[in-house]
Amino acid sequence: MSNTRIAFIGAGNMAASLIGGLRAKGLDASLIRASDPGEETRNRVSTEHGIETFADNAQAVDGADVVVLAVKPQAMKTVCEALRPSLKPQQLVVSIAAGITCASMNNWLGEQPIVRCMPNTPALLRQGVSGLFATAQVSTAQRQQAEELLSAVGLALWLDTEQQLDAVTAVSGSGPAYFFLLIEAMTAAGEKLGLPRDIAAQLTLQTALGAAHMAVSSDVDAAELRRRVTSPAGTTEAAIKSFQAGGFEALVEKALGAAAHRSAEMAEQLGQ
Ligand SMILES: NC(=O)C1=CN([C@@H]2O[C@H](COP(=O)(O)OP(=O)(O)OC[C@H]3O[C@@H](n4cnc5c(N)ncnc54)[C@H](O)[C@@H]3O)[C@@H](O)[C@H]2O)C=CC1
Ligand SMILES: O=C(O)[C@@H]1CCC=N1
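Given the structure is predicted, the values throughout are model-derived calculations rather than measurements. Going along each chain's sequence as written, the residues are numbered from 1 onward. To label them, take the chains in the order written and letter them from A, then take the ligands in the order written and number them from 1. The predicted nature of this model means local features are confined to residues of pLDDT at least 70 and side-chain atom pairs, given and counted, to a pLDDT of 80 or more, with totals for whole chains, interfaces and linings taken over all residues. Only hydrogens and water are set aside; all other atoms, that is, all heavy atoms of the structure, feed into the side-chain values.

Enquirer: Sorry if this is basic, but what is going on with the UniProt feature "domain: Pyrroline-5-carboxylate reductase dimerisation" (unreviewed entry) in the chain here?
Expert: UniProt positions are given in the numbering used here, feature names are shortened, and annotations may be inferred rather than shown by experiment. Taking the UniProt record as the reference, the feature "domain: Pyrroline-5-carboxylate reductase dimerisation" (unreviewed entry) is found at residues 162-266. Only DSSP runs of H or I with at least four residues qualify as helices, and only runs of E with at least two residues qualify as strands; both kinds are numbered from the N terminus onward. With 83% helix and 0% strand, the stretch residues 162-266 has end C-alpha atoms that lie 14 Å from each other.

Encoded structure:
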C-alpha cells in the first residue's frame, strides 16, 4: 500500500473518511487524489488532507493504481460510462456504492478488475466495518490493496458471493441508523418517565457504549450477557417481555429484510 496511487471519484462523506484513514495510517498525500464537481468539497478535502483535487474525473484517474468510486448509486452509470476511455485494463476499481453490481459496472466501464464493498459511517471515526467482494479478474496483490484501503477505517471482511453484499448492507451498511433510532427512542422514553432530556440522553449513550464494549470484549455471547442483566421477575425481564410481546425479533428480521430487498431492487433499477 505504501506506494499505491489511489484516485477517489467523489469526495463526499465516505471518501473523506477513507482518505482520512489512509493519511492517519501514514500514506503519503502525494499518492492520493480526488475529483468532485463541488468546489467547496474539493477545497475541504485538499485543505484537510493535503491532497491534490480535480474537477475532471479523467485527470484524477490518470496514473492511479486504484480508482475508488464513491459517488451516489444514482450517479454511477454516468460516472462509469464517462470514465471508460480513461481507464487502463490493470487499474483496480473499488466501488462503495450501495446496490450497484459488478456486472453493471463491467457493462459501463468495460472489463476491469472490480472490488465491490459496503462500508459504514463509523468509518469517519475509523470504527467502521466493511464487506468486500472481488471479481475473478482481481489479482492477489489487488485484493490486498482493497483490504488495506478499507481496513484503514475499520474491520474489512471478505465475502464469498456478491449477493451477500445485500445482507451486509442490511446489517452493517444501514446498521448505524438502527442503533441511532434506538438511542432516539430510549432517550425520548427516559424523558417521558420524568428525566431531564440531557440526563436521559447521557444515560442512553453511555449505556449503548458500555454494552457495545462488553459485547465486543466478552468471551460469552450477547444472549448470555443479556441473561446476566435479567434478574428473575425483575425490571429487565419486564422490559424484555414487553419487547417480545411486540414482536421485537420478528420486526428486526423484517426491517433487515426490507433493507436487503431494497439493495437488490436498486441493483435492478439502477443497473440498466
Ligand atoms: N452514507 C453511508 O452510510 C454509506 C454510503 N455508502 C455509499 O457511498 C457512496 C457515497 O456516499 P456518501 O459519501 O455518503 O455521499 P456524498 O453525497 O457525501 O458524496 C458523494 C460525492 O460525489 C460527488 N459527485 C456527484 N457527481 C459526481 C461526478 N459526476 N463525479 C465525481 N463526483 C461526483 C458529490 O459532489 C459528492 O461530494 C454512495 O454510493 C453510498 O451508497 C456506502 C456505505 C455507507
Ligand atoms: O441508505 C443507503 O442506501 C446507504 C447504503 C448503506 C447506508 N446508507
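Enquirer: Hey, could you run me through the state of the cysteines in this one?
Expert: In a disulfide, the sulfur atoms of two cysteines are held together by a covalent bond. Sulfur atoms of two cysteines make up a disulfide when they are within 2.5 Å. With the rule as written, the count across this model stands at zero disulfides. Cys-80 takes part in no disulfide bond, and the closest cysteine sulfur, belonging to Cys-102, lies 11 Å away. Left unpaired, Cys-102 is separated from the closest cysteine sulfur, that of Cys-117, by 9.2 Å.

Enquirer: I would appreciate a short explanation of the UniProt feature "binding site: NADPH" (unreviewed entry) in the chain in the present structure.
Expert: UniProt tags Asn-57 as "binding site: NADPH" (unreviewed entry). Position of Asn-57 relative to the elements: it lies in helix H3 (residues 57-61). Other than its neighbours up to four places away in sequence, Asn-57 contacts Ile-9, Ser-35, Val-79 and Leu-83. Pairs of residues are marked as contacts when any of their non-hydrogen atoms sit within 4.5 Å.

Enquirer: Please clarify how the side chain of Thr-169 should be interpreted in this entry.
Expert: One can find Thr-169 in helix H7 (residues 164-173). Residue exposure (1.4 Å probe, protein chains only): buried if accessible area is under 20% of the type maximum, exposed if over 50%, otherwise partly exposed. Thr-169 sits in the buried class, given a relative accessible area of 9%. A 3.5 Å cut-off defines polar contacts: any pair of N or O atoms within that distance qualifies, except that in protein one atom must be a possible hydrogen donor and the other a possible acceptor, and neighbouring residues in sequence count only when both atoms are side-chain atoms. Here the side chain of Thr-169 touches Leu-165 through a polar contact of 2.6 Å, landing on its backbone oxygen. Residue contacts for Thr-169: discarding those within four places in its chain leaves Met-118, Ser-174 and Ser-263.

Enquirer: Just to check I follow, could you spell out the domain arrangement of the chain for this structure?
Expert: For interface size, the figure often reported is the accessible area lost on association. The domain boundaries here were taken from an automatic or database domain assignment. Each assigned domain of the chain is listed here: domain 1 (6-165) and domain 2 (175-266). Just the C-alpha atoms count here: the centres of domain 1 and domain 2 sit 33 Å apart.

Enquirer: Sorry, what's going on with unusual backbone geometry here?
Expert: The general pattern is negative phi for most residues beyond glycine and trans for most peptide bonds. Even without a glycine there, the phi angle at Arg-126 is positive, about 55 degrees. Within the secondary structure, Arg-126 sits in the loop between strand S6 (114-118) and strand S7 (128-134). According to the relative accessible area criterion, Arg-126 is partly exposed, its value standing at 40%. In this model, Ala-233 sits at a positive phi of 60 degrees, which is unusual for a non-glycine residue. Counting through the fold element by element, Ala-233 comes out in the loop between helix H10 (222-229) and helix H11 (235-245).

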